[in-house]
Amino acid sequence: MSYEHYHLTASSTPGNHETDYFIDMLILLPVFVFGFVGLSEAASCRYPHEKFIGTRCYSFVSKRHPYAAAEEYCHSHGYKLATVDSAITANFLASSAATEFGSNNGQFWIGLSRKKDYTLFFWDDGTSVAYTNFEAGFPNTKDYVAENVRNGRWQTLAQHIELEFVCSYDPLATTTLAPTTTVTTTRIPTTTTVRKTTPTTVTTVTTRKPTTVTTTTTIPPTTTPKACPRGFTLFEATQKCYIVLVYGNDSDYPDVPDDAPFLTRENQRCAKYGATVATVHSSDLNDLFRSLIYDRFNDTRYATIGLRNTDLKTLGGKWQWFDGSATDYLNFGNMFPKTGDYIAQTSSQGFWVTYTHTAPNEGVVCSVDF
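Residues numbered from 1 in each chain as written. Predicted model: local features only at pLDDT ≥ 70, side-chain atom pairs only at ≥ 80, totals over all residues. Heavy atoms only, no water.

With that settled, consider the pattern of salt bridges. Where side chains of opposite charge bring their charged atoms close, a pairing between them can arise. Enumeration over the complete set of coordinates arrives at seven salt bridges. Here D85 and R56 are joined by a salt bridge, their closest N and O atoms 2.8 Å apart. With a gap of 29 residues between them, D85 in the loop between β3 (80-81) and α4 (87-100) and R56 in strand β2 (residues 56-65) connect regions that are remote in the sequence. Take D85: its relative accessible area is 36%, and that puts it in the partly exposed class. Linking K63 and D287 is a salt bridge whose minimum nitrogen-to-oxygen distance equals 3.3 Å. In this pair, K63 is assigned in strand β2 and D287 in helix α6 (residues 283-297), connecting sequence segments 224 residues apart. K63 sits in the buried class, given a relative accessible area of 14%. Residue class for D287 comes out partly exposed when judged on its relative accessible area of 27%. Three or more residues are tied together by salt bridges with common partners; here these are R56, D85 and D125. (Salt bridge = Lys/Arg side-chain N within 4 Å of Asp/Glu carboxyl O. Helix = DSSP H or I, 4+ residues; strand = E, 2+ residues; numbered from the N terminus. Buried < 20%, exposed > 50% of the residue type's maximum accessible area, 1.4 Å probe, protein only.)

See below:
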């Protein structure tokens, strides 16, 4: 029954105006309270890309790990593997995961598990298990719970399976430790000279001609400390500086031949800043790109990286880095790479996709040597 229908029905009885008002307020009050609390607490998540629902902030991690490694990853960042305490939260996470992980299929780890030979499940953060959402036929003999992206239902899987995962935390229960200050005290020894004089002692003082010692000190030439170009961010492990640039229109750049190698056009954007299109060889650097893209666009746009397909006919293609370095790290999202695509891009969620074209308002990740 709709709110309007209920209101008309109740007010049809003479003399019930006070009752109508009381009923109306009972109906609307939870909406006001829920909206107010949601807005006030959502702002307290640590990072803008995290999603708030109920009483928790959720962080979607596009890395694929076994259950124990996923749990350890969350713990290392001060989080827990995700707690899901209602159907609303379960559906919210499934819907968000489809966007964050770039796929409408598959599963992701949540923080529900049980110890071997025990029948009781427990949440990673210690929350009592008052809500479950298992698929028909589950839980089975496995002990680690994953949620389905398609419908939000749960299955129990073996812990060695590698899945993406979600971390969570209560922002109101999170405290920031004050920095520790270490005070170093240096003691300078004091030299005390004691002169002892007696009436029977004769002191003979011999004055020697002072010796002049010439010391030559070489002062190194003044140098300017190294720094990244303005707007670039240093990544110590690679000793390179990185930036995300917006493409702009092709007319702003010189023409390139139709048979030019893939990424020639994209690299023109970087060359304008004395840089080249960036390569990725570790998950840590990929995390930096993810952060730079989010800070640059603050939305779901992608940025091209220096990976190109050299074989458009082979299933999945043959991918190599623009600078010819080893292809020792890849992080394609589900259903990627696609045959026939020749450009790789990464998102603010960290997974990679492939395309045959780019848009002027998208970006490219560029790098220069430090």
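Moving on, there is more to tell.
The tally for this structure, following the rule as stated, stands at four disulfides. Residue C228 pairs covalently with C241 via a disulfide, S to S 2.0 Å. One disulfide, between C228 and C241, carries an S-S torsion of -75° and so falls in the left-handed class. Taken together, the residues span a long stretch of sequence, with C228 in the loop between β8 (163-169) and β9 (233-235) and C241 in strand β10 (residues 240-246) at a distance of 13 residues. We note that C228, like C241, is buried. Disulfide partner of C270: C366, at an S-S distance of 2.0 Å. Its torsion about the S-S bond being -75°, the disulfide of C270 and C366 is classed as left-handed. With C270 in helix α5 (residues 264-271) and C366 in strand β16 (residues 363-369), this residue pair connects regions lying 96 residues apart in the sequence. (Disulfide = S-S within 2.5 Å.)

Another point: the confidence of the model for the chain. Confidence in the prediction for the chain averages 79 pLDDT; 74% of positions are at 70 or higher. Here residues 1-42 is a poorly scored stretch, pLDDT under 50, and it has 18 contacts once near neighbours within four places are set aside; other chains count. (pLDDT = per-residue confidence, 0-100. Contact = heavy atoms within 4.5 Å.)

Another point: α5. Where burial is concerned, most of α5 is hidden: six out of the eight residues are buried. Among all positions in α5, only R265, E266, N267, Q268, R269 and C270 are buried.

Right, let's get into unusual backbone geometry. In the segment running from F138 into P139, the intervening peptide bond is cis, with an omega of 5°. With respect to the secondary-structure elements, P139 resides in the loop between β5 (122-123) and β6 (144-148). Cis geometry is found at the peptide bond from F336 to P337, where omega equals 0°. Summarising the element assignment, P337 is placed in the loop between β13 (319-321) and β14 (343-346). Look at Q239: it is not a glycine, yet its phi comes out positive at around 55°. Structurally, Q239 is set in the loop between β9 and β10.

One ladder, built from four bridges, connects β14 with strand β15 (residues 352-355); its direction is antiparallel. In the sheet register, Q345 faces β15, and the bridge partner there is V353. In this antiparallel pair of consecutive strands, β14 and β15, the connection spans five residues, and G350 shows a positive phi of 100°. (Pairing = 2+ DSSP bridges.)

The terminal C-alpha atoms of α6 lie 21 Å apart, and with 15 residues this matches the ideal 21 Å at 1.5 Å per residue to within 8%. Inspection of α6 places L285, N286, L288, F289, R290, L292, I293, Y294 and F297 among the buried residues, and these make up the whole buried set. (Expected span 1.5 Å × (residues − 1).)

Structurally, H160 is set in the loop between β7 (154-157) and β8. With 92 residues separating them along the chain, H160 and A68 place their C-alpha atoms 8.2 Å apart.

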